[in-house]
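Secondary and tertiary structure notes
Residue strings, one per chain:
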Amino acid sequence: MTSTRPPASGAHPETATRPVLHGHTARLPWPFPDDLDAFRYSVNVEPARVPRRTAAGEWGAHIVDLGGEEYGAIMADRRRILDADPCRVRIMPGMLPACWDLLLYYLRDLAASYPHVLELDEDGDRFHWRNHALGTDQRFVLGDAGSLPCDPMTFLGREIPDDLLLVKERDGALSFDAGLVTFAAAWSVSFDVGMTMAEIHNPVPRLTHEGITSRAEQFLRRLPADQVYRRVNWTFSASGSRRLDVSLEELPDWGTDIPALVRDRDWGRLQLRIEVEHFVRLPMTGAVTFNIRTHMTSLEQVRRVPAWRDQLARVVLELPEDLAAYKGFLDYREPAMAWLLAGEGAA
Ligand code: HEM
């Protein structure tokens, strides 16, 4: 496949013919390598903090992508959900030290990545965190629950757009033992917390049968403390709007969105949902993160980038039926992709 990558910066003849893209599209973590025509599940992990060029821009320089101009809106949504539904945070007994570990690792990383917006001052076990974009100004003592307005996982979750998941070895198995999840793709943190990797992934077609679940477990067990990895996953959203929260908890609110979109053949509104997942072995407790940042873009936007348009249609139409059914688009993929490939103005 021919790539139409833009230059990193500066003028280039290519830019003259390139469509004008929103900042959001330029930063989108396109989930497929340039030469990919057929998608199958795999342990598709790669080192993190490495910028990746796409046909529309670049992503991936930092562990946390604050989200540009969307940051305030995403965080308002996250905080509203957390205030309304405390069950979106689930911390199993014994996991509080790992939550402090998570908080400190991320605040240090954020301050290093965005020094003009985020600051962390340290004095022994005393810390001073300032987030100039959201107006947070908080002093705390590491490990002292009374020094924060909430538990450390919730404090972090109210500062960054990522869903936070922690995995620990328990009784010989890797278990999902703490999570703050407001933007789940049709699953529920309350239902899944406490489960092993094997239990969580059993319903996913091919994953366990083809040995991918056990290879993923091996990868997590061997993850070194000094290297951070990431993985990109994709699907179509279960909602036809740019709504991030399609957790099972909210099913009555979004459950009729896709049937309505299919009925109206409103394919341009269909949302490609992309998850960037980061794996970090936390230095003090050895717990491993599986933090998920969700991005969405409509087919309308995808259609503006010819390389993306063509690749998405190829991958979606080629996907075996069991995977397309699990991802939820078996019934409508053909008309949706026909719309994507048709020219401007097609119905
Ligand atoms: C390298 C490691 C991993 C790989 C390769 C992997 C792979 C997958 C795949 C292929 C799916 C199906 C998603 C789709 O098609 O859209 C999935 C779903 C999921 N995974 Fe993982 N996973 C990994 C690690 C983890 C970890 C560490 C956790 C938990 C802490 C986790 C939690 C989940 C959950 C909650 C779902 C949704 C299940 C559902 O639909 O009910 N995964 N994973």
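Just so you know, the residues in each chain are numbered from 1, in the order the chain's sequence is written. Predicted model: local features are reported for residues with pLDDT of at least 70 only, side-chain atom pairs are reported and counted for 80 or more only, and whole-chain, interface and lining totals are derived from all residues. Where side-chain values are given, they derive from all heavy atoms of the structure, hydrogens and water being excluded.

**Side note on the overall build of the chain**
The test is simple: Put simply, DSSP H or I for four residues or longer makes a helix, DSSP E for two residues or longer makes a strand, and each gets a number counted from the N terminus. Any residue under 20% of the maximum accessible area for its type is buried, any over 50% is exposed, and the rest in between are partly exposed; the area is computed with a 1.4 Å probe on protein chains only. By definition, residues are in contact when any of their heavy atoms lie within 4.5 Å. In short, Shrake-Rupley with a 1.4 Å probe defines the accessible areas, and a residue's cover is counted only from the protein chains shown. We treat Lys and Arg as the positive residues and Asp and Glu as the negative residues; His and chain ends play no part in the count. All charge positions are set by atom: Lys at NZ, Arg at CZ, Asp at CG, Glu at CD.
Within the chain one finds 14 helices and 13 strands. Buried residues in the chain amount to 51% of all 347 residues. Looking at the chain alone, contacts between residues at least 24 apart form 68% of all its contacts between residues at least 6 apart. Looking at the chain as shown, the accessible area adds up to about 15500 Å², and 53% of this sits on carbon and sulfur atoms. Of the charged side chains in the chain, 39 are positive and 50 negative, and the gap between their average positions amounts to 3 Å.

**Overview of the side chain of Arg231**
Filter applied, for reference: Throughout this description, a polar contact denotes any pair of N or O atoms lying within 3.5 Å of each other; where both atoms belong to protein, one of them has to be capable of donating a hydrogen while the other can accept it, and for residues adjacent in sequence the pair is counted only when both atoms sit in side chains.
Mapped onto the fold, Arg231 is located in strand E10 (residues 229-236). According to the relative accessible area criterion, Arg231 is buried, its value standing at 19%. Among the polar contacts made by the side chain of Arg231, one reaches the side chain of Asn44 at a distance of 2.8 Å. Separated by 2.5 Å, the side chains of Arg231 and Glu277 make a polar contact. Arg231 has contacts with Ser42, Asn44, Val45, Glu275, Val276, Glu277, Phe279 and Phe290, leaving out every residue within four places of it along the chain.

**Let's talk about the site of the ligand**
Filter applied, for reference: Definition of nearness: a residue and a molecule or strand are near each other if at least one heavy atom of the residue lies within 4 Å of the molecule or strand. Lys, Arg, Asp and Glu make up the charged group, whereas Ala, Val, Leu, Ile, Met, Phe, Trp, Tyr, Cys and Pro make up the nonpolar group; the residues left over, Gly among them, are polar.
For the ligand, the set of nearby residues contains 22 residues, the closest of which are Tyr41, Asp192, His201, Tyr326 and Lys327. Separating an oxygen atom of the ligand from a side-chain N or O atom of Tyr41 is a distance of 2.4 Å. Listing elements by their share of the shell around the ligand, those giving two or more residues are strand E8 (164-170), helix H7 (197-201), helix H8 (212-222), E10 and helix H13 (321-327). Taken together, the residues of the shell around the ligand break down into 16 nonpolar, three polar and three charged.

**Structural notes on helix H3 (residues 71-84)**
Formally: How far a helix is expected to stretch is found by multiplying one less than its residue total by 1.5 Å. Each C-beta atom gives one direction from the helix axis, and the arc is the one those directions make.
Across its 14 residues, H3 extends 20 Å between first and last C-alpha, which sits within 8% of the 20 Å expected from 1.5 Å per residue. Buried within H3 are the following residues: Tyr71, Ile74, Met75, Arg78, Ile81 and Leu82. Looking straight down H3, one finds that the buried residues subtend no more than 125° of arc, so they occupy a single side. Residues of H3 that are exposed and point more than 90 degrees away from the buried face comprise Ala73, Arg80, Asp83 and Ala84. Buried positions along H3 lie against strand E4 (89-91), strand E6 (126-131), helix H5 (152-157), strand E9 (173-180) and strand E13 (291-298).

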